[in-house]
Amino acid sequence: MTAKAVLAYSGGLDTSVAIGWIAEQTGAEVIALAVDVGQGGEDLDTIKARALACGAASAEVVDARDEFAAEYCMPALAANALYMDRYPLVSALSRPVIVKHLARVARETGASLVAHGCTGKGNDQVRFEAGLAALAPEVKVFAPVRDSGMTRDKSIAFAEEKGLPISVTSRSPYSIDQNVWGRSCETGHLEDIWNAPQPDVYGYTDDPALGRPAEEIVISFEHGLPVALDGEARTPLQMITDLNRIAGAHGIGRIDMVEDRLVGIKSREIYEAPGAMVLITAHSELESVCVERDLARFKRQAEQRWTELVYDGLWYSPLKQALDAFMTQASANVTGDVRLTLHAGRAVVTGRRSPAALYDYSLATYDSGDTFDQQLAKGFVELWGLPSKIAADRDRKLAG
Ligand code: ARG
């Protein structure tokens, strides 16, 4: 029986060439799997037809947009996930859902190989393979670009030699990866970190300097999940998609950074995540109203750990799963509305209200109606400073 290989297929030059390349190198027949995580562009039928035309034995396309939004983007929102305080994990979130479908198709077809088009220099290879180690430890992984020298030049030569129905000239100078949570763009002129991004790197946002009039929105949350926009119910996918459009028009969510990859390289990245950045801004604001102080302080540490685990490809690790349970518990009271003004590249919170607020007007006010007993503060402050006072007395004595 011929061995089978499931390939994570995007429809682009590299993975189209990989179909024939893998067949030649391994003797396996190739099953192309394309997973729609909201990357836009060509429709799935076109991608499927191309895979078959490039020699795939079969091709499967999966619309995973709702699943991706609900089960991958929403947990990232619960963790207010921003790697290096800035990057909302766009690409890092999509790999685990692709891995889940690769593992499923491998199981269903009895494939012994799984293949991906990543290079050996990036994080995505780690995310694919660490994910597969958890979900399909029995399969072997083959990465033609990394493992068998399938360089750009060789890909183009292979495509021309075999007459593959794929354009080799219309390639963008950038390496772009996009999904519903955002868009990443690297390489080209961006590799000189002094170069300002050219306008053609952007795809999800308009120029924030365009001068669009400010716009006000209200996002409603229930137990940490965004459920309505301006009072109208939304699924997670609808919410993110709508906010990408609305906030993207104001140029919100552009990020230009030099990032620490897991493999040790620093790289220049341009991200756009208008919906994600608005949601994280609103969500963390509501948390500051509804989450008790110690829980909030601890959650910030847990958020950072969650984010680094996911960035580093450990979505399916025990610690990440346990932290998810913590995030769910910590979100129990995060219910209410946040009002924001969108303008000139910024989403600014202007109001919050919640039936579960810990903010207490009668304790906070400096006007009449104050119920806070200021006399209680005096003794508290004395005791609070007592350890420092004792230590300072000792130091003075010893310095004598
Ligand atoms: N550096 C980012 C990350 O590791 C983006 C990777 C994007 N991938 C790509 N093939 N362009 O999450």
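First, a word on what this report is: a plain description of the structure on this page.

Thresholds, definitions, all that
- Numbering of residues starts from 1 in every chain and runs along the sequence as written.
- Since the coordinates come from a predicted model, pLDDT governs what is reported: local features require at least 70, and pairs of side-chain atoms require 80 or more to be given and counted, while whole-chain, interface and lining totals use all residues.
- Hydrogens are left out, water is left out, and the side-chain values use all remaining heavy atoms of the structure.
- By definition here, a salt bridge exists when the distance from a side-chain nitrogen of Lys or Arg to a carboxyl oxygen of Asp or Glu is within 4 Å.
- Helix and strand assignments come from DSSP, with helices taken as H or I runs of at least 4 residues and strands as E runs of at least 2, each series counted from the N terminus.
- Burial classification: accessible surface area is computed with a 1.4 Å probe over protein chains only, and a residue below 20% of its type maximum counts as buried, one above 50% as exposed, and the rest as partly exposed.
- Consider each residue's heavy atoms; a residue with any of them within 4 Å of a molecule or strand counts as near.
- What qualifies as a polar contact is a pair of N or O atoms within 3.5 Å, subject to a donor-acceptor requirement within protein and to the restriction that residues adjacent in sequence count only when both atoms come from side chains.
- Only the protein chains shown count as cover for residues, with accessible areas throughout obtained via the Shrake-Rupley method and a probe of 1.4 Å.
- Any residue outside Ala, Val, Leu, Ile, Met, Phe, Trp, Tyr, Cys, Pro, Asp, Glu, Lys and Arg is labelled polar, Gly included; the first ten of those are nonpolar and the last four are charged.
- Pairs of cysteine sulfur atoms within 2.5 Å are what we label disulfides.
- Any residue with an atom within 4 Å of a point lines the site, the site being either a cavity, points on a 1 Å grid over the protein atoms alone where a 1.4 Å probe fits but cannot get out, or a pocket, an open set with protein on both sides within 12 Å along at least 5 of 7 lines.
- Grid points are joined across faces, edges and corners, and a volume is the space filled by probe spheres set on the points.

Digging into the pattern of salt bridges
Close approach of charged atoms allows side chains with opposite charge to pair. Counted under the stated rule, the structure contains 29 salt bridges. Between aspartate 124 and arginine 95 there is a salt bridge, with its nearest N and O atoms 3.0 Å apart. A residue pair is termed long-range when its members are at least 10 positions apart, and aspartate 124 in helix H5 (residues 124-135) and arginine 95 in helix H4 (residues 90-109) qualify at 29 residues. Taking relative accessible area as the criterion, arginine 95 reaches 9% and is therefore assigned buried. One salt bridge in this structure joins arginine 352 and glutamate 285, with 2.8 Å as the shortest N-O distance. Placement of the pair is arginine 352 in strand S14 (residues 346-353) and glutamate 285 in helix H9 (residues 274-290), with a sequence separation of 67 residues.

Let's talk about the site of the ligand
As a structural note, the neighbourhood of the ligand is formed by 14 residues, with Tyr87, Asn123, Arg127, Ser175 and Glu259 the closest of them. The separation between an oxygen atom of the ligand and a polar side-chain atom of asparagine 123 is 2.7 Å. The side chain of tyrosine 271 places a nitrogen or oxygen atom 3.3 Å from a nitrogen atom of the ligand. Across the complex, the protein chains shield 88% of the 340 Å² of accessible surface that the ligand would expose by itself. Split by residue class, the shell around the ligand holds four nonpolar, four polar and six charged.

Some details on the state of the cysteines
One pass over the structure, following the stated rule, counts zero disulfides. Free of any disulfide, cysteine 73 has its nearest neighbouring cysteine sulfur in cysteine 118, separated by 19 Å.

Focus: the layout of surface pockets
Taken as a whole, the second largest pocket encloses approximately 310 Å³ of empty space. As for the second largest pocket, its lining consists of 16 residues, and the residues nearest its centre are Asn80, Ala81, Leu82, Asp85 and Glu303. Where the lining of the second largest pocket is concerned, the elements lending two or more residues are H9 and helix H10 (293-311). With five residues, the top contributor of residues to the lining of the second largest pocket is H10. Here the lining of the second largest pocket is built from residues that sort into seven nonpolar, five polar and four charged.

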